[in-house]
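Listed below, chain by chain, are the residues.
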Amino acid sequence: MRNALAILVIDENQIRASIIEAGLREAGYENVTLIHDMAGVAGRIAEINPDVIFIDLENPNRDMLENMFQLSRAVKRPVAMFVDSSDESSIEAAVDAGVSAYVVDGLKKERVKAILAMAVSRFNAFSRLSRELEEARGELENRKVIDRAKGILMKSKGLSEEEAYGLLRATAMNQNRKIIEIAQSLVTAAGLLDPGDKS
Amino acid sequence: MSDAPYKIAAGIIPLLDSALLVVAKEKGFAETEGVELTLIRESSWANIRDRLAVGHFQVAQMLAPMPIACNLGLTPIGSHTIAPMALGLGGNAVTVSKRLWTEMAEQGAPDGLDPRAAGAALKAVIGQRPARDGKLRFGVVHPYSGHNYELRYWLAACGVHPDRDVEILILPPPLMADALAAGTIDGYCVGEPWNTAAVISGSGRIVTVKSAIWRSSPEKVLGARSQWAEQNPDALAALLRAIYHAAEWCAVPDNRQELARFLAETAYVDRPAAWMMPSLTGEIATGSGETIEVADFFLTHDKAATFPWKSHALWFYSQMVRWGQVPHSAENAEIALQTYRPDLYRAALKPVGVALPGANSKVEGALQAATPVGSAGASLTLGPDGFFDGSLFDPDELDAYVAAQASRPGD
């Protein structure tokens, strides 16, 4: 029963929690529980009686949860933080990834280290995914703004679409700025000058 | 800006007393001292502690007892942390639900903010509370916080045992007012603007304030990682000067509106500027419809508000002992004492000729009136600094204080 450790993941971000859970299960840890909702969390934790607890650093209830562990009302054994407080590189890796890990006292360091490493790598993978998604979304937004700026120029100066884009690009080059910045200020200015055109 | 000699990242929590760090940055005091100051808003004190420990932050806004708790090994992780400066005095209040207020009013609680009268009414309410209703629940932000200790001090001095007669829970400041409205808790002790938040939403009533429980009492400090502070004394000194000048700026009444607008920004407290004004003016709307003028509600600069008194560190330590968080020993007391570093404060500020207290420690609660003190001809006024129950804390008589509080009624 070497993988029978009870692992609890407290994360309001359900997608991220599922990604971590999947990683842990793939690695053979079957006893993984996810908590997304903080209501009644004390009772749930007492029921689960976890050996290892992960909490994302964005969770505003970390202080409450930590206090709960320290009072050991919810968890039957005392909880130490991270694998070993002298293991600075593990702590650093976890905090960098955005996760805090709590481990009940008396667990062998080697048993927990792999679990921690797994959670950290999954947290990092999730951040990478979110960043990429954010960038893709940003690009789409940028394209929309540039289209609107082109439309404004076409209307006000009677230009073709190609000419309008050329003007944006030339202005950006002359001012040593990005096309999106020029487009953004043009759209903002047009909105200010002509409130009726805002829609 | 990028060629500033010192680059410092500071963690902050969305609370009114982040003001000193916010102003040090926004009004250019940091820049003037050659500090490129980056402020990072955090969602929990645990994050502040962890990110300071791993070196993401060099310094942080911290609950005044937190660095002591770190150094005593009471926190899950924690690098050795020092407090070379305080970030103001006062600023907290105790708020209860409208329902609890109604019961307290029936027991004779008056409209003012008198801690003794409010406490007596609360004790009477608890005395009549049917067992089936369970204990009243109060929220504080952290076990090692001024909020926890002043709430407990107030309750105990009014004959309410904080562990037996009520339940004290930990909640993040921005969630307090919602928890009160939802009935999850019956009251809380928190910094501003999170009391005003409950008054504005109509869910709460402010019953007393920190400055009435203990006038001119410590609340937040600048926590610095010891290792960083030792290796970068010039950077730390520059930052302390910047914060000192920011504190002076915050204390000028004409600057209040601008300060409220800074704090209202998304990167800081992220709430309306109007919510910041009660704390900055001391005109506290309690929820009764009237506004009460509170002396020294929140001090940023006056009364040596940024001086890290060793006697403050020892008082917090005495409360950790009182509530069973740490056993009392000479070694532990010494750890607490060495956490606060007025020597570094003096070293940074003496060269610029600011008024400094003559000692590093004082008898807390001894000043009945504002008293001029200070060295080197510069003017400085301290006090009044009384506890509402009239007791004194003499840091030289720590053992006697610890022994006496263990046998006090209500404990």
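Bear in mind that the values here come from a model prediction, so they are computed numbers and not experimental data.

Digging into the interface of chain A and chain B
Listed by partner, the interface residues are 17 residues for chain A and 17 residues for chain B. Looking at the side of chain A that touches chain B, the elements with two or more residues in it are helix H3 (62-71), strand E4 (79-81) and helix H4 (88-97) of chain A. Per-element tally for the side of chain A that touches chain B: the top contributor is H3 of chain A, with 5 residues. Within the side of chain A that touches chain B, the residues separate by chemical class into 8 nonpolar, 4 polar and 5 charged.

Topic: the sheet that holds strand E2 (residues 35-41) of chain B
All names here are of chain B. Spatially, E2-E1-E3-E11-E4 is the arrangement adopted by the 5 strands of the open sheet, whose pairing is mixed. At either margin of the open sheet sits one strand with a lone partner, and together these are E2 and strand E4 (81-86). Ignoring strand direction, the axes of neighbouring strands in this sheet form an average angle of 30°. Pairing of E4 with strand E11 (residues 220-225), which is carried by 4 bridges, proceeds in the antiparallel orientation. Across the sheet, Met85 pairs through a bridge with Leu222, a residue of E11.

Regarding the nonpolar core
Residues and elements named next belong to chain B. Core analysis: the biggest nonpolar cluster contains 182 residues, and Leu20, Val23, Ala24, Leu239, Ile243, Ala246 and Leu263 have the highest contact counts within it. At 13 residues, helix H12 (residues 233-250) tops the list of elements feeding residues into this core. Ignoring sequence-local partners within four residues, the contact set of Ile243 consists of Leu20, Leu21, Ala24, Met85, Leu222 and Thr306.

As for the UniProt feature "modified residue: 4-aspartylphosphate" (unreviewed entry) in chain A
Residues and elements named next belong to chain A. Using the residue numbers shown here, the UniProt feature "modified residue: 4-aspartylphosphate" (unreviewed entry) corresponds to Asp56. A count of 20 C-beta atoms within 10 Å places Asp56 in the buried class. Leave out the neighbours within four places in its chain, and Asp56 touches Asp11, Asn13, Gly98 and Val99.

A word on the confidence of the model for chain A
Chain-level statistics for chain A give a pLDDT mean of 83 and a share of 87% at 70 or above. Least confident of the elements in chain A is E4 of chain A, whose mean pLDDT is 59; most confident is strand E2 (residues 32-35) of chain A, at 94.

Details of the domain arrangement of chain B
All names here are of chain B. When cut into domains, chain B gives domain 1 (6-89 + 218-280 + 297-347), domain 2 (92-213) and domain 3 (355-406). Centre-to-centre separation of domain 1 and domain 2, based on C-alpha positions: 26 Å. Taken together, the 26 residues of domain 1 in the interface contact 19 residues of domain 2. Going through the elements one at a time, helix H4 (66-71), helix H14 (277-281) and helix H15 (310-322) are the ones with two or more residues in the side of domain 1 that touches domain 2.

Some words on the environment of Arg49 of chain B
Residue and element names in this part refer to chain B. Assignment of secondary structure puts Arg49 in helix H3 (residues 45-53). For Arg49, a count of 31 C-beta atoms within 10 Å corresponds to the buried category. Each C-alpha atom, one on Arg49 and one on Gly78, is 6.4 Å from the other, the two residues being 29 residues apart in sequence. Setting aside chain neighbours within four positions, we find Arg49 in contact with Met66, Cys70, Thr75 and Gly78.

As for the domain arrangement of chain A
Each assigned domain of chain A is listed here: domain 1 (7-131) and domain 2 (132-197). Taken together, the 4 residues of domain 1 of chain A in the interface contact 4 residues of domain 2 of chain A.

Cut-offs applied
Residues numbered from 1 in each chain as written. Chains lettered and ligands numbered in written order. Predicted model: local features only at pLDDT ≥ 70, side-chain atom pairs only at ≥ 80, totals over all residues. Contact = placed C-beta atoms within 7 Å. Helix = DSSP H or I, 4+ residues; strand = E, 2+ residues; numbered from the N terminus. Nonpolar A, V, L, I, M, F, W, Y, C, P; charged D, E, K, R; others polar. Pairing = 2+ DSSP bridges. Axes fitted to C-alpha atoms, helices over the stretch in contact; angles between N-to-C directions. Core = buried A, V, L, I, M, F, W, Y, C linked by C-beta atoms within 7 Å. Buried ≥ 20, exposed ≤ 12 C-beta atoms within 10 Å, placed from the backbone. UniProt positions renumbered as here; feature names shortened; annotations may be inferred. pLDDT = per-residue confidence, 0-100. Domains from an automatic or database assignment.

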